[in-house]
Protein chains: 2
Amino acid sequence: MKLYGYFRSSAAFRVRIALNLKNLSYETVSIHLRRSEQARPEYLARNPQGLVPTLEEDDGHRLIQSLAIVEYLDEIHPAPPLLPAGAADRARVRALAEIVACDIHPINNLRVLRYLAHTLGHDEAAIGAWYNHWIDAGFAALEPLLAMDPRTGRFCHGDTPGLADIALVPQVVNAGRYRLEMTAYPTIARIFANCMALAPFAAACPENQPDREA
Amino acid sequence: MKLYGYFRSSAAFRVRIALNLKNLSYETVSIHLRRSEQARPEYLARNPQGLVPTLEEDDGHRLIQSLAIVEYLDEIHPAPPLLPAGAADRARVRALAEIVACDIHPINNLRVLRYLAHTLGHDEAAIGAWYNHWIDAGFAALEPLLAMDPRTGRFCHGDTPGLADIALVPQVVNAGRYRLEMTAYPTIARIFANCMALAPFAAACPENQPDREA
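Now for a quick tour of the structure. (Residues numbered from 1 in each chain as written. Chains lettered and ligands numbered in written order. Predicted model: local features only at pLDDT ≥ 70, side-chain atom pairs only at ≥ 80, totals over all residues. Heavy atoms only, no water.)

Residues and elements named next belong to chain A. Along the chain, Val52 connects to Pro53 via a cis peptide bond; the corresponding omega equals 5 degrees. With respect to the helices and strands, the residue Pro53 is situated in the loop between helix 2 (41-44) and strand 3 (54-56). The phi dihedral of Ser36 falls on the positive side, at around 60 degrees, and the residue is not glycine. Among the secondary structure elements, Ser36 is positioned in the loop between strand 2 (27-30) and helix 2. Of the residues examined, Ser36 reaches a relative accessible area of 30% and is grouped as partly exposed. A positive phi angle, near 70 degrees, is found at Gln65, a position not held by glycine. Along the chain, the position of Gln65 falls in the loop between strand 4 (62-64) and helix 3 (66-76). (Helix = DSSP H or I, 4+ residues; strand = E, 2+ residues; numbered from the N terminus. Buried < 20%, exposed > 50% of the residue type's maximum accessible area, 1.4 Å probe, protein only.)

This is the structure we're talking about:
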């Protein structure tokens, strides 16, 4: 299996965590986003969206979109499960993941920040304020959804890590980019620390990837 | 069942389509986004994210995030299915839906457009260009993913409507807002027309909602 990704991509980071939690081995193919390798024809042939990640199985079957990939891995490799058993609990975990994957991360993605800088002419301070604004908006919802629900445990849902943690951890790492103040989010910070103590999460971090840069 | 939504919200539109396809009756509770009713304490108690939709079941159980809600409805009311049976096909359908639900719609959501206008001071022309830029980026990927895959049929996946169509149709409706040129997307346009010929899609459209405005 080949994972086309980039060390800093949080969508690729999610898939790396899922592969590690499932104990699946894979080969990293680095697509250097800052050098726009995702826009080259040979990559667009694999993923017409020109985003990472793309997961390519040994038979050539390709998968795109990180949440869809994680759900796929969970369906074909059910142990350990990344989603709980009941429909209501699954809906909760998917919703927590989508708060990050739909309503925070895409608004702060590299291509959007580039549009703000190059097309709209904003400076680094305006971009940093934008970046933290959308993380704050999402975390301000996630914090009570986690803190006030008895289903939250050591992780977002119970005491084993799953889809919501897979989405949350890369977003908390991103929150360090413009030094977001995390004191208002103690439950998120606690779950993040619990995840980072696990090898599948730590090994998936940007700084532990073969294509990492300073 | 109560659906807290807004006639123009495309995330609420998705859930309306799913409820209609499942032939489930529901009561509409209008949350007027332009009057910021989503930020009132009584709504935030239902959905701390302050976004629509929220689906509230008769026992008070609440669900948020449109894709998570659609998957939930599909799990507890399996017929007609909104996802195909095989894991690879399910991953395809989820990825098509997520191209819209993660990588187009949130970047063009009302709160983002308000930030561009009020915080960053952009005019209507710049906002229209932004809006169409992100739809074009997503549709330019969706078009070949649909046109070049034999699994595409009358709808995004085969000849029955499902999750990908539920995401796509509201986005095509949104594309009319700043009159996006659709000629480059004939497959998307064909599938949209096929969907709109079905009562569950037509009845879910903004102009057919009780809280519609001119």
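After that view, the rundown keeps rolling.
Counted according to the given criterion, the structure contains zero disulfides over all chains. A disulfide-free cysteine, A:Cys205 has its sulfur positioned 10 Å from the sulfur of A:Cys195, the nearest such atom. B:Cys156 takes part in no disulfide bond, and the closest cysteine sulfur to it belongs to B:Cys195, at a distance of 6.6 Å. (Disulfide = S-S within 2.5 Å.)

Attention now goes to the pairing of strand 2 (residues 27-30) of chain B. Residue and element names in this part refer to chain B. Pairing analysis gives four bridges linking strand 1 (residues 2-5) to strand 2, with the strands arranged parallel. Across the sheet, residue Lys2 finds its bridge partner in strand 2, namely Glu27. Crossover handedness for the path strand 1 to helix 1 (residues 10-21) to strand 2: right-handed. (Pairing = 2+ DSSP bridges. Right-handed = clockwise from strand over helix to strand, strands pointing away.)

What follows concerns the interface of chain A and chain B. If you look at the interface, chain A gives 40 residues, while chain B gives 40 residues. Interface area, chain A with chain B, both sides summed: about 3,700 Å², of which 68% is carbon and sulfur. For A:Glu75, the salt bridge goes to B:Arg94, with nearest N and O atoms at 3.0 Å. Connecting chain A to chain B are 13 residue pairs in polar contact (both at pLDDT 80 or more). Taken together, the elements giving at least two residues each to the side of chain A that touches chain B come down to strand 4, helix 3, helix 4 (87-101), helix 5 (110-119) and helix 6 (124-147) of chain A. At nine residues, helix 4 of chain A tops the list of elements feeding residues into the side of chain A that touches chain B. Here the side of chain A that touches chain B is built from residues that sort into 28 nonpolar, five polar and seven charged. (Contact = heavy atoms within 4.5 Å. Buried area = accessible area lost by both parts, 1.4 Å probe. Salt bridge = Lys/Arg side-chain N within 4 Å of Asp/Glu carboxyl O. Polar contact = N/O pair within 3.5 Å; in protein donor to acceptor, adjacent residues only side chain to side chain. Nonpolar A, V, L, I, M, F, W, Y, C, P; charged D, E, K, R; others polar.)

Now for the pairing of strand 1 of chain B. Two strands pair when backbone bridges link them, and strand 1 of chain B and strand 3 (residues 54-56) of chain B are joined in this way by three bridges, in the antiparallel orientation. Across the sheet, the residue bridging to B:Leu3 is B:Leu55, located in strand 3 of chain B.

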